[in-house]
Amino acid sequence: MILSGYKGERSVGQGRPATVMPLWRQCGQTRFTPMESGLDFHTAKALLEWHVDLGADEAIGDVPINRYEVPKEAPKAAKPEPVTASPVVAQQGPDVVGIARQLAQGAQDLDGLKAAMASFPHCDLKNGARNLVFSDGNAGARVMVIGEAPGREEDQQGKPFVGPTGQLLDAMFAAIDHGRDHAENPIYITNVLPWRPPQNRDPKPDEVAMMLPFLERHIALANPDFLVLMGNHSCQALLGRKGITKMRGHWDEVFGKPALPMLHPAYLLRMPHAKREAWTDLLSLQAKLRG
């Protein structure tokens, strides 16, 4: 048991309930403090023996503390030290978006733009890709389709939308009498990113940001009447938001061009029931083309 040298301390005996009787009452004395300088030897010895009998075998303080005394004012909590923000470290390295914009604006035609993109050294995706996937179809088409990024087959062939997704895309536009090889109603196809991300992962924001000036210049040089934004990532890049299942079918504007978000053919291959919505969007595009 612990003994704290203060007046009015609670005393606990071993195997007995606690008592809360002030020491000055228990000792049968007029009120006094055990550690007073005038305390005689016999009284002090009696008090010590009394505490030992109660089971106290250790003293934890030299100054008596009256725990029954109510403090006049509750102690105020210490105010935390203000946290000093660490200084912002300026990013090192070149302004890759600025460099991309300068290269893109310097391109006077689509061949020049493709060469500028191929010479751009700051996108690491090109290091793991086989080919730069620039475009397909007719650059003078009224409709420009913008996808996300090349997949494995696109990377191998150097063309956007090939393989099963490309076949479905061709079938979709053939249904409204358009196509990449259509003599009278061609379409023009490209992607937000010209290089395949590893393992077909989603494009990173910094990758999209550095390639966006090239895409903006691509749209300006191709000069279509309408843009079709295929999938979430193309909408995120050009409209600044996602949620293709809610955005699809609602016309918007990108760089001064009417833009229609649509479900990506890869999504339609996984979710065939959504082809009804895609057909509705194609009819909306057809109405715009005829109007």
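- Where an unreviewed UniProt entry is consulted, the protein appears under the name Type-4 uracil-DNA glycosylase, with the organism given as Litoreibacter meonggei.
- According to UniProt, the comment filed for the protein under the heading Sequence similarities (unreviewed entry) is "Belongs to the uracil-DNA glycosylase (UDG) superfamily. Type 4 (UDGa) family."
- As its UniProt record puts it under Catalytic activity (unreviewed entry), the protein is described as follows: "Hydrolyzes single-stranded DNA or mismatched double-stranded DNA and polynucleotides, releasing free uracil."

### A short note on unusual backbone geometry
Okay, step 1: With a phi close to 65°, Asp177 is a non-glycine residue in the positive phi region.
Okay, step 2: With respect to the element layout, Asp177 can be found in the loop between α7 (163–174) and β3 (187–191).
Okay, step 3: Not every positive phi belongs to a glycine, and Gln199 is a case in point at roughly 55°.
Okay, step 4: The topology assignment puts Gln199 in the loop between β3 and α8 (205–222).

### Considerations on the packing of aromatic side chains
Okay, step 1: In total, this model carries two aromatic pairs according to the counting rule given.
Okay, step 2: Pairing Phe120 with Phe214 gives two aromatic rings, centres 5.4 Å apart and planes at 70°, and the pair type is edge-to-face. In this pair, Phe120 is assigned in the loop between α4 (110–119) and α5 (125–128) and Phe214 in helix α8, connecting sequence segments 94 residues apart. For the pair Phe120 and Phe214, a shared accessibility class is recorded, and that class is buried.
Okay, step 3: On the basis of an interplanar angle of 65° and a centroid distance of 5.8 Å, the ring pair of Phe226 and Trp251 is categorised as edge-to-face. Of this pair, Phe226 sits in strand β4 (residues 226–230) while Trp251 sits in the loop between α10 (244–247) and β5 (252–254), placing them 25 residues apart in sequence.
Okay, step 4: Phe226 gets classed as buried once you look at its relative accessible area, which sits at 9%.
Okay, step 5: Accessibility expressed as a relative area gives 25% for Trp251, which makes it partly exposed.
Okay, step 6: The ring of Trp251 carries the charged tip of Lys288 above its face, separated from the ring centre by 5.1 Å.

### Remarks on α7
Okay, step 1: Between its first and last C-alpha, α7 extends 16 Å over 12 residues, near the 16 Å set by a 1.5 Å rise per residue.
Okay, step 2: Restricting attention to buried positions, one finds in α7 the residues Gly163, Thr165, Gly166, Leu168, Leu169, Met172 and Phe173.

### Some remarks on the side chain of Asp281
Okay, step 1: With respect to the helices, strands and loops of the structure, Asp281 is situated in helix α12 (residues 275–290).
Okay, step 2: Residue Asp281 is classed as buried on the basis of its relative accessible area, which comes to 2%.
Okay, step 3: In this structure, Asp281 is in contact with Arg248, Gly249, Leu260, Pro261 and Met262, ignoring residues within four places of it in sequence.

### Some thoughts on the pairing of β3
Okay, step 1: Across the five residues that make up β3, a large majority, five, are buried.
Okay, step 2: Burial along β3 is two-sided: the face carrying Ile187, Ile189 and Asn191 and the face carrying Tyr188 and Thr190 are both buried.
Okay, step 3: Pairing of strand β1 (residues 136–137) with β3 involves two bridges; the strand directions are antiparallel. Bridge pairing in β3 links Gly137 to Tyr188.

Rules used throughout
Residues numbered from 1 in each chain as written. Predicted model: local features only at pLDDT ≥ 70, side-chain atom pairs only at ≥ 80, totals over all residues. Heavy atoms only, no water. UniProt positions renumbered as here; feature names shortened; annotations may be inferred. Helix = DSSP H or I, 4+ residues; strand = E, 2+ residues; numbered from the N terminus. Phe/Tyr/Trp six-rings, centres within 6.5 Å; stacked < 30°, edge-to-face > 60°. Buried < 20%, exposed > 50% of the residue type's maximum accessible area, 1.4 Å probe, protein only. Lys NZ or Arg CZ within 6 Å of the ring centre and 35° of its normal. Expected span 1.5 Å × (residues − 1). Contact = heavy atoms within 4.5 Å. Pairing = 2+ DSSP bridges.

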